[in-house]
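# Reading the structure
Listed here are the chains, written in short residue letters.
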Amino acid sequence: MLPCETVSTRIDECKEKFVTEAQTAERRMLPMLQPDESRPAGAGLSAGQASDYAEWFGVLADPTRVRLLHAVSTSPAGSMRVGELATALGISQSTCSHHVELLKKVGFVVVDKVGTASLVSVNAACCTGLPHAADVVMGTLSAQPCCPTDLPADVTVRPVDTAHDMATVLDIYAEGLATRNATFETTVPTAEQLRARWLPGLAWAAELDGQVVGWTAVTPVSTRDCYAGVGETSVYVTEAARARGVGKALLHTQVNEADAAGMWTLQTSIFPENRASLALHHSAGYRTLAVRTRIAQLDGVWRDTVLLERRSDRC
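Quick summary incoming for the structure in this document. None of these values were measured; they are calculated from a predicted model.

## Quick notes on the pairing of strand β7 (residues 230–237)
- Sheet topology places strand β6 (residues 211–220) next to β7; seven bridges connect them, and they run antiparallel. Within β7, the residue paired with Pro220 across the bridge is Gly231.
- Sheet analysis places β7 next to strand β8 (residues 265–270), joined by three bridges and oriented parallel. Directly across from Glu232, in β8, lies its bridge partner Gln267.

Here it is in structure tokens:
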């Protein structure tokens, strides 16, 4: 394994000496489903999209290529020579070169020539393109804003009344904390602390039978003006009201009101174990960007999160 400093130097040299327009063109972007290509729920994939996705998944049907891609993506140096890969995988260099070429063809890896050596690195686009492709194929993406139309008739969503709702909002938040599958937070904030996190006018409560049973809010991701339209979202529903469409009603209001307020990007991080929340957000136009492995600890245990994003028509 080459030291990180040596690899970085050689990659820089490679970029200066060998990266031409033709080589740049080889760094294939995995085609993403764009907003104007989004389909209503139930519509089929086009033949071209299906062909692309089948090619990606087909390449990964070989266990050696899966091992190769994993070895490169987890390399401390960020790249590996073909010879190093062959040794690590216990295969011949010619076999390794064959698998690298197939992965390069569909855009999973990039190969840079440095002298006589070939440095293999992961194409960053595949880190988002592949999860996105899985979402498309499995039917979890539909036309934006893809708000559900089958909203429950008995659930009302309105702005949070910070003078009267906060005690119930905090109780519902505490229920989420107790599941250990909703947030990394372990203590319930005060009403003032929670209210201070929210963007003005971007917090809503859901009522069922006259009682507040859930809430959603948008918090800023940065104090910089350039990110004024980017927000982090949260949704919490009391356990007694789950499976009643409360989350669906909250998400419908959240994305439409955020759009109207000029927000252009909503993002959220969800534990992969929280399948219901993942499905709920997909139904409201959020798409999977990445799985962030071992991103933080909860109760001393490293946990993964799924990063999702929803873009408005403004961007």
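Next comes the rest of the write-up.
## Quick notes on the sheet that holds β6
- Taken in spatial order, the seven strands of this open sheet run β4-β5-β6-β7-β8-β10-β9, and their pairing is mixed. Of all strands in the sheet, those bounded by a partner on one side alone are β4 (155–159) and β9 (287–298). Across the sheet, the mean angle separating the axes of adjacent strands is 25° when strand polarity is ignored.
- Pairing of β9 with strand β10 (residues 301–311) involves eight bridges; the strand directions are antiparallel.

## Some words on the side chain of Thr233
- With respect to the secondary-structure elements, Thr233 resides in strand β7.
- Since its relative accessible area comes to 3%, Thr233 is described here as buried.
- For Thr233, the residues in contact, after removing those within four places along its chain, are Ala217, Val218, Gln254, Leu266, Gln267, Thr268, His281 and Tyr286.

## A word on the pattern of salt bridges
- Inspection of the entire model under this criterion finds eight salt bridges.
- Ionic pairing is found between Arg158 and Asp165, a salt bridge with its closest N-O pair at 2.7 Å.
- The shortest N-O distance in the salt bridge between Glu273 and Arg303 comes to 3.3 Å. Taken together, the positions of Glu273 in the loop between β8 and α11 (275–283) and Arg303 in strand β10 put the pair 30 residues apart, joining distant regions of the chain.
- Take Glu273: its relative accessible area is 46%, and that puts it in the partly exposed class.
- Residue class for Arg303 comes out buried when judged on its relative accessible area of 12%.
- Ionic contacts of the salt-bridge type, sharing partners, join the residues Arg158, Asp165 and Glu207 into one network.

## Let's talk about the nonpolar core
- Among the nonpolar cores identified, the biggest contains 22 residues, and Leu68, Leu85, Cys96, Val100, Phe108, Val109 and Val120 are the most heavily contacted of them.
- Contributions of two or more residues to this core are made by α3 (47–59), α4 (63–73), α5 (82–89), α6 (93–105), β2 (109–114) and α7 (124–137).
- Contact partners of Cys96, with chain neighbours within four places excluded, come to Leu68, Val82, Leu85, Ala86 and Ile91.
- Listed in part, the 16 residues of the second largest apolar core include Ile172, Ala191, Ala205 and Ala217.

The rules we used
Residues numbered from 1 in each chain as written. Predicted model: local features only at pLDDT ≥ 70, side-chain atom pairs only at ≥ 80, totals over all residues. Heavy atoms only, no water. Pairing = 2+ DSSP bridges. Helix = DSSP H or I, 4+ residues; strand = E, 2+ residues; numbered from the N terminus. Axes fitted to C-alpha atoms, helices over the stretch in contact; angles between N-to-C directions. Buried < 20%, exposed > 50% of the residue type's maximum accessible area, 1.4 Å probe, protein only. Contact = heavy atoms within 4.5 Å. Salt bridge = Lys/Arg side-chain N within 4 Å of Asp/Glu carboxyl O. Core = buried A, V, L, I, M, F, W, Y, C linked by side-chain atoms within 4.5 Å.

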